[in-house]
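If you want the building blocks of each chain, they are given just below.
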Amino acid sequence: MTRALILGGTADASLLAAEFARAGLDAVYSYGGRTRAPADQPLPTRIGGFGGVSGLADYIGCEGITHVIDATHPFAAEMSRNAVEACAETGTPLIALERAPWAAAPGDNWIEVADVNAAAAALPEAPAIVFLAIGRQHIAPFVAKPQHTYTLRFVDPPETPLPFPADVIVSRGPFTLDGELEMMRTRGITWIVARNSGGDGARAKVDAARMLGLPVIMISRPRLPERLRVESVAEIMQWLGHRTCLGA
Ligand SMILES: NC(=O)c1ccc[n+]([C@@H]2O[C@H](COP(=O)([O-])OP(=O)(O)OC[C@H]3O[C@@H](n4cnc5c(N)ncnc54)[C@H](OP(=O)(O)O)[C@@H]3O)[C@@H](O)[C@H]2O)c1
């Protein structure tokens, strides 16, 4: 009998949960607990960390999990590494659902960097108006460039003071191209810092930057251990030996 664990927190994970529910698959959906009101899922849901590799291995054993699907954000590297180790330890098949990264298109002006520290270093010295499209927990390195005016966007309002003054937008994606163009124009944004998440839900800011001729400091994905990886819900269903009615 199949009993799957979805490591979620992304739009793709929600699509997968919907397909599992339609197919009547026995599965648990897991949230990391980063947002205050995570979207409801049509599957039994748990919230919060497992307690590292050993905690996840214990969970897999105690819950009778037969398959693990890592559908976390491509930058959720700790969770993904833990999943590789815990699945190896318990002999549980693992697959990752991960969209391909974006590639620069003609007209894009990207500066590709390895991590968030390199992104802060890549900003110009002259004052700029910067849209920092990265998670709350990654903004600290930008303290080193106080000459810039920063716009941040979070799903929830910040609960503790930010490490530097910033214009904060509280909003949950996906975002539209028109909306991103309007946001960048009204704030006079001159630079963008983004993570190469891939997929459609977060793409509009990159398209808007190209249309406005703005430079984007694009943070590359973290390196992860080798694992089976697919890009669509349909491929996950095939891996589990189920047919799907989705074209995804
Ligand atoms: N949709 C988006 O745009 C977006 C962007 C960023 C992050 N996220 C989501 O937010 C979550 C946390 O991201 P992160 O960057 O903080 O990850 P991370 O740094 O890789 O994870 C840190 C720790 O959080 C716990 N954790 C993360 N994801 C979990 C999950 N799905 N279920 C249970 N525990 C989880 C694990 O704790 P233990 O070691 O205690 O098990 C993990 O070691 C992920 O689920 C990710 O998909 C979504």
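Per-chain numbering applies: the sequence of each chain, read as written, is numbered from 1 onward. Local features are withheld for residues below a pLDDT of 70 in this predicted model, meaning they are given only at 70 or higher, and side-chain atom pairs are given and counted only at 80 or more; totals for whole chains, interfaces and linings count all residues. Only heavy atoms go into the side-chain values, all of them from the structure, while hydrogens and water stay out.

**Points about empty space enclosed by the protein**
Here's step 1: Site definitions follow a grid-based scheme: protein atoms alone, a 1 Å grid, a 1.4 Å probe that fits but cannot get out for cavities, and for pockets an open set with protein on both sides within 12 Å along at least five of seven lines, plus lining residues having an atom within 4 Å of a point. Grid points are joined across faces, edges and corners, and a volume is the space filled by probe spheres set on the points. With the rule as written, the count across this model stands at one cavity of 30 Å³ or more.
Here's step 2: The volume enclosed by the largest cavity comes to roughly 30 Å³.
Here's step 3: Forming the boundary of the largest cavity are Asp70, Thr72, His73, Pro74, Ser80, Ala96, Glu98, Leu224 and Arg227.
Here's step 4: Residue composition of the lining of the largest cavity, grouped by class: three nonpolar, three polar and three charged. Only Asp, Glu, Lys and Arg are considered charged, only Ala, Val, Leu, Ile, Met, Phe, Trp, Tyr, Cys and Pro nonpolar, and every remaining residue, Gly among them, polar.

**With respect to the site of the ligand**
Here's step 1: Put simply, a residue is near a molecule or strand once any heavy atom of it comes within 4 Å of that molecule or strand. Close to the ligand lie 23 residues, the nearest being Gly8, Ser30, Arg34, Phe50 and His73.
Here's step 2: N or O atoms within 3.5 Å of each other form a polar contact, as long as, within protein, one can give a hydrogen and the other can take it, and as long as residues adjacent in sequence are counted only when both atoms are side-chain atoms. For the ligand, an oxygen atom lies 3.1 Å from a polar atom in the backbone of Gly52.
Here's step 3: Between the ligand and Glu78 there is a distance of 2.9 Å, counted from an oxygen atom to a backbone nitrogen or oxygen.
Here's step 4: With residues, only the protein chains shown are counted as cover, and all accessible areas are computed by Shrake-Rupley using a 1.4 Å probe. Contact with the protein chains removes 78% of the 830 Å² of surface that the ligand exposes when unbound.
Here's step 5: The helix and strand labels rest on DSSP assignments: H or I over at least four residues marks a helix, E over at least two residues marks a strand, and numbering proceeds from the N terminus. Those elements that place two or more of their residues in the shell around the ligand are strand S2 (27-31) and helix H3 (77-90).
Here's step 6: With four residues, the single largest contributor to the shell around the ligand is H3.
Here's step 7: A breakdown of the residues in the shell around the ligand according to their chemical character gives six nonpolar, 13 polar and four charged.

**Some thoughts on the state of the cysteines**
Here's step 1: The criterion for a disulfide is a pair of cysteine sulfur atoms lying within 2.5 Å. Applying the stated criterion across every chain yields a total of zero disulfides.
Here's step 2: For Cys87, which is in no disulfide, the shortest distance to another cysteine sulfur is to Cys62 and amounts to 15 Å.

**Brief notes about the pairing of strand S7 (residues 129-133)**
Here's step 1: S7 sits mainly inside the fold: four of its five residues count as buried.
Here's step 2: The pairing of S7 with strand S8 (residues 149-154) spans four bridges and is classified as parallel. Bridging from a neighbouring strand, Leu132 pairs with Leu152 of S8. For each residue, the accessible area found with a 1.4 Å probe, counting protein chains only, is set against the maximum for its type, and the residue is called buried under 20%, exposed over 50%, and partly exposed in between. Paired strands, in this sense, are two strands between which DSSP finds at least two bridges.

**Examining the domain arrangement of the protein**
Frequently, the measure chosen for interface size is the accessible area that the parts lose on association.
Here's step 1: Start and end positions for the domains come from either an automated domain assignment or a database one. Taken as a whole, the protein is organised into domain 1 (3-99 + 223-240) and domain 2 (109-219).
Here's step 2: Residue contacts are counted whenever heavy atoms from the two residues lie within 4.5 Å of one another. Listed by partner, the interface residues are nine residues for domain 1 and twelve residues for domain 2.
Here's step 3: Each partner contributes to the roughly 860 Å² buried at the junction of domain 1 and domain 2, and carbon and sulfur atoms together form 48% of this total.
Here's step 4: The term buried area means the drop in 1.4 Å probe accessible area that two parts suffer when joined, counted for both and summed. Area buried by domain 1 at its contact with domain 2 is led by Arg36, Phe75 and Arg99, which between them contribute 60% of it.
Here's step 5: Here a salt bridge means any side-chain nitrogen of Lys or Arg lying within 4 Å of a carboxyl oxygen belonging to Asp or Glu. Counting across the interface, domain 1 meets domain 2 through one salt bridge.
Here's step 6: Across the salt bridge formed by Arg36 and Glu159, the nearest N and O atoms sit 3.2 Å from each other.
Here's step 7: Linking domain 1 to domain 2 there are five residue pairs in polar contact (both at pLDDT 80 or more).
Here's step 8: Considering only residue class, the side of domain 1 that touches domain 2 consists of four nonpolar, two polar and three charged.

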